Amino acid sequence: MNILVVGGGGREHAIIKKLKESKKVTKIFATPGNGGIASDAVCAAIGAKDIDGIVKFAVENKIDFAVVAPDDPLVLGAVDALHKVGIKCFGPCANAAIIEGSKVFSKDLMKKYGIPTARYESFNSKESAIEYLEGASFPIVIKADGLALGKGVVIAEDLESAKAAVVSMMEDKIFGESGSNVVIEQFLKGVEVSVLAFTDGKTVVPMVSSMDHKRALDNDKGDNTGGMGTVAPNPYYTPEIADICMRDIFIPTMQAMNKEGRVFKGCLYFGLMICDGKPYVIEYNCRFGDPETQVVLPLLKSDLLEIMLAVEEERLADVNVEFDSGAACCVVIASGGYPKKYQTGMPIDFSNVEDKKNVVVYHAGTRLENGAIVTSGGRVLGVTATADTLEKAIELAYDGANAIKFENMHKRSDIGQTALKALK
Ligand code: AMP
Ligand code: GLY
């Protein structure tokens, strides 16, 4: 089969590498892909938001199956558009992708169906939001309704900063129309767990759990980023918590979407907070997480394409979804300065990492320039290692990450340490 993967980050590289293991795959294309993906797939410079361009490319290249990975094209209806020309896809239609596309929608869904989440109110005017804040207790969480590159969440410690966040979202429109509505919600204190789940609207199959490290610097200091590293499994996700999640969150969410006439087919991402032994939904994403995918898929033993086809054809219950019992760690290497200002175009030296066993380097922000790989984004690479134990996986991932060099690179040195402590 000819496969198209839409997107061009570390997540897409991990998806492509796993798909390549499938015997059913003839050729893989990526739009737009990146410098590293170009070694595993045929890349075409079509932006992930260019839905017409993607559809045209898919038709011209006789694509049999498309995997739409990023949030933007899903919310914009890429799957609907591909279906229209008869191409099967992995990923939700726009009417289901709204579970990530609108925080007001997802919070109202959880309230309506009794799915545990932080208490909240939503607002469509700056004045009413500020009036509410004046009677609130702190810290409090302010979220832009729409997509905001993972930056639309502010945890405000006091009234002053809460008001400033509302003004920047609703008046200054720093996220454009995404900030026309805001959700203001209770701050939950606990431990975070990410769970990605395959679902076809009939069955939900959670993948191995993971833990993201969102802050730029060690010990969870510095700015929020797209993710500086991950480990899987997440030790806080105990079998007891997993059972509660299945019963109170995963199945009810799938059923709620069905009842709303918004059948969700694809990968549903549950961002969970465990507070005093009870899980709450912090956020839903309508897609694989990045960099969670870079630790989850390397542990998948089953054929990813078979699973994805089964999701599209609503026969997920009949396929095998099996994970390795070991652990994985992904260390992200970023451009110095990320998530603020950073330089690109730095040549990357991979010469010392090539022969490392159980280590794979996923490219996130790279491009090919005169045959050489140079940096092209904030998060540049994700170095993943798998092993029998988390301790060994962390050691191997750092061994790999430390062997890669480019000017002004930055990585955290403590990815996995929280999980390791929790295990001990
Ligand atoms: P999001 O962009 O929705 O993933 O949110 C970014 C981060 O903000 C999450 O990973 C949490 O660490 C934090 N967060 C979001 N909502 C809450 C909440 N209600 N209570 C505490 N922390 C939160
Ligand atoms: N790592 C969080 C996300 O993909 O949104």
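Quick look at the structure, then. As the structure is a prediction and not an experimental result, all values here were calculated from the model.

1. Thoughts on the pattern of salt bridges
Enumeration according to the criterion identifies 29 salt bridges in this entry. For Glu 100, the salt bridge is made with Arg 287, and the minimal N-O distance between the two is 3.1 Å. Pair noted here: Glu 100 is in helix α5 (residues 94–101) and Arg 287 is in the loop between β17 (278–285) and α10 (293–296), with a separation of 187 residues, a long-range link. A residue is classified by how much of its surface remains accessible, and Arg 287, at 13% relative accessible area, is buried. Residue Glu 185 pairs with Lys 107 through a salt bridge whose shortest N-O separation is 2.6 Å. One end of the pair, Glu 185, is in strand β9 (residues 182–186); the other, Lys 107, is in helix α6 (residues 103–113), and 78 residues separate them in sequence. Note on Lys 107: relative accessible area 3%, which makes it buried.

2. Examining the site of ligand 2
For ligand 2, the full set of nearby residues is Asp 212, Gly 226, Tyr 269, Asn 285, Arg 287, Gly 289, Asp 290 and Glu 292. In the environment of ligand 2, a nitrogen atom lies 3.0 Å from a nitrogen or oxygen atom belonging to the side chain of Asp 212. When ligand 2 sits alone it has 200 Å² of accessible area, and the protein chains cover 88% of it. Here the residues of the shell around ligand 2 sort into one nonpolar, three polar and four charged.

3. Quick word on the environment of Val 231
By the secondary structure assignment, Val 231 is in strand β15 (residues 229–232). Spatially, the C-alpha atom of Val 231 lies 5.4 Å from that of Met 211, the residues being 20 residues apart in sequence. Residues contacting Val 231, with those up to four places away along its chain left out, are Ser 209, Ser 210, Met 211, Val 295, Ala 328, Cys 329, Leu 390, Ile 415, Gly 416 and Ala 419.

4. Section: the site of ligand 1
Looking at ligand 1, there are 14 residues lining it, with Glu 185, Leu 188, Glu 192, Lys 214 and Glu 283 nearest. Gln 186 is positioned with one of its backbone polar atoms (N or O) 2.9 Å from a nitrogen atom of ligand 1. Within the side chain of Glu 283, one N or O atom sits 2.6 Å away from an oxygen atom of ligand 1. Considered on its own, ligand 1 offers 480 Å² of accessible surface; in the complex 92% of this is hidden by protein. Among the elements of the structure, β7 (140–144), β8 (153–156), β9 and β17 are those that each provide at least two residues to the shell around ligand 1. Taken together, the residues of the shell around ligand 1 sort by class into eight nonpolar, one polar and five charged.

5. Structural notes on the pairing of β15
Residues Gly 229 and Val 231 line one face of β15 and the alternating positions Thr 230 and Ala 232 line the opposite face, and both faces are buried. As paired strands, strand β12 (residues 211–212) and β15 are joined by two bridges and run antiparallel to one another. Looking at β15, one finds that Met 211 is bridged to Val 231. Relative to strand β18 (residues 327–335), β15 runs antiparallel, the two sharing four bridges. Bridge pairing in β18 places Gly 229 opposite Val 331.

Calculation criteria
Residues numbered from 1 in each chain as written. Chains lettered and ligands numbered in written order. Predicted model: local features only at pLDDT ≥ 70, side-chain atom pairs only at ≥ 80, totals over all residues. Heavy atoms only, no water. Salt bridge = Lys/Arg side-chain N within 4 Å of Asp/Glu carboxyl O. Helix = DSSP H or I, 4+ residues; strand = E, 2+ residues; numbered from the N terminus. Buried < 20%, exposed > 50% of the residue type's maximum accessible area, 1.4 Å probe, protein only. Near = heavy atom within 4 Å. Polar contact = N/O pair within 3.5 Å; in protein donor to acceptor, adjacent residues only side chain to side chain. Areas by Shrake-Rupley, 256 points an atom, 1.4 Å probe, with all protein chains shown as cover. Nonpolar A, V, L, I, M, F, W, Y, C, P; charged D, E, K, R; others polar. Contact = heavy atoms within 4.5 Å. Pairing = 2+ DSSP bridges.

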